[in-house]
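Secondary and tertiary structure notes
Next come the chains, spelled out residue by residue.
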Amino acid sequence: LFLPPGDGPFPGVIDMYGDEGGLIEFRSSLLAAHGFAALSLPYFDFEDLPKVMKEFNLEYFEEAARFLQRHPKVKGPGVGVVGTGKGAELALSMITFLPEVVAAVCISGCSSNTVADLHYGEMTLPGLRFDVNKVSVSDAGVFDTFEALDDPTNPANSACTIPIEKAEGHFLLVVGEADRMWKSSLYAELAIGRLRQHGKENFKLLSYPGAGHRIDPPSTPFCQVALDRVLGVPVLGGGESKAHAHAQEHSWGKIREFLHLHLG
């Protein structure tokens, strides 16, 4: 938990990253420098948490949201979530099912639950699966996973869809149009279509031409290819350096504006 100096109270934000696992703290630290009480939340491969993504219980994330909401230096009544990749998808589930969460920033996420089943009470959202036969490998040995995730628009996969229309809070969707990790632009379109279908306009989309998968705060190094901790191989994230740098610079300001607007 990163707290700004002073007594507060400060708007509270949970911060999560993707399928690399572990505890990643730099964005939480930066959020605290900008006046947010920021909880960096690992959800596998850290201390006593499971080593791999097999299944998740939303109660774990609910406990984190309640911890932050009840902290004496956190301004209520609700808290926000920022997530990248798998963390973005978990952020969608949190704002959908947890009343404590009133604002969700989803960076390069999927509108369906993926890989690991998500349980909450009696409910289970199954995870879309990756088909390793749809992974291509370049001559340089770089893995391209763009086509590998099961199609969320296939009716056979409808049970995996996160019912975001149930959310009372607000969404900020951030995507790079040159993301090669997976089809985050399509997934954002599907999410927006689902919200509009239910008469909802509680969202904003930031879509960046030429930007890749991991849109981090400004000055974070851009890597078109990065070693995937889970797969242990170099994976194509996509994007072009100048366009990606612009996306990081622009989105960071908009993310903070969005959080201040909806959390105070």
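Under the annotation held in an unreviewed UniProt entry, the chain carries the name ACNT2 acyltransferase and is attributed to Alectura lathami.

To continue, consider the overall build of the chain. Within the chain, the secondary structure is distributed over five helices and 13 strands. For the C-alpha atoms alone, the extent of the chain along its principal axes is close to 55 × 45 × 40 Å. When burial is assessed residue by residue, the chain has 53% of its 264 residues classed as buried. Relative to all contacts within the chain whose residues are 6 or more apart in sequence, the contacts with residues 24 or more apart total 71%. Counting every atom, the chain has about 11,800 Å² of accessible surface; 54% of that belongs to carbon and sulfur.

Its 23 residues place the ends of helix 5 (residues 241-263) 32 Å apart at the C-alpha level, agreeing with the 33 Å of an ideal helix rising 1.5 Å per residue. Turning to helix 5, its buried residues number three or more, namely Ala243, His244, Ala247, Gln248, Ser251, Trp252, Ile255, Phe258, Leu259 and Leu263. Its buried side turned inward, helix 5 meets strand 1 (10-16), helix 1 (26-33), strand 4 (74-84), strand 5 (101-107), strand 10 (170-176) and strand 11 (203-208). Backbone nitrogen of lysine 242 and a side-chain oxygen of the N-cap are separated by 3.0 Å at the start of helix 5; the cap is glutamate 240. Of the residues one or two after helix 5, glycine 264 is the one with positive phi, at around 95 degrees.

Attention now moves to the pattern of salt bridges. Per the counting criterion, the structure on display carries 13 salt bridges. With its nearest N and O atoms 2.9 Å apart, the salt bridge here joins lysine 183 to glutamate 147. Of this pair, lysine 183 sits in the loop between strand 10 and helix 4 (184-197) while glutamate 147 sits in the loop between strand 9 (143-144) and strand 10, and the two are 36 residues apart along the sequence. With relative accessibility at 25%, the residue lysine 183 sits in the partly exposed group. What emerges from the salt-bridge pattern is a single network uniting Glu20, Arg214 and Asp216.

Criteria and thresholds
Residues numbered from 1 in each chain as written. Predicted model: local features only at pLDDT ≥ 70, side-chain atom pairs only at ≥ 80, totals over all residues. Heavy atoms only, no water. Helix = DSSP H or I, 4+ residues; strand = E, 2+ residues; numbered from the N terminus. Buried < 20%, exposed > 50% of the residue type's maximum accessible area, 1.4 Å probe, protein only. Contact = heavy atoms within 4.5 Å. Areas by Shrake-Rupley, 256 points an atom, 1.4 Å probe, with all protein chains shown as cover. Expected span 1.5 Å × (residues − 1). Polar contact = N/O pair within 3.5 Å; in protein donor to acceptor, adjacent residues only side chain to side chain. Salt bridge = Lys/Arg side-chain N within 4 Å of Asp/Glu carboxyl O.

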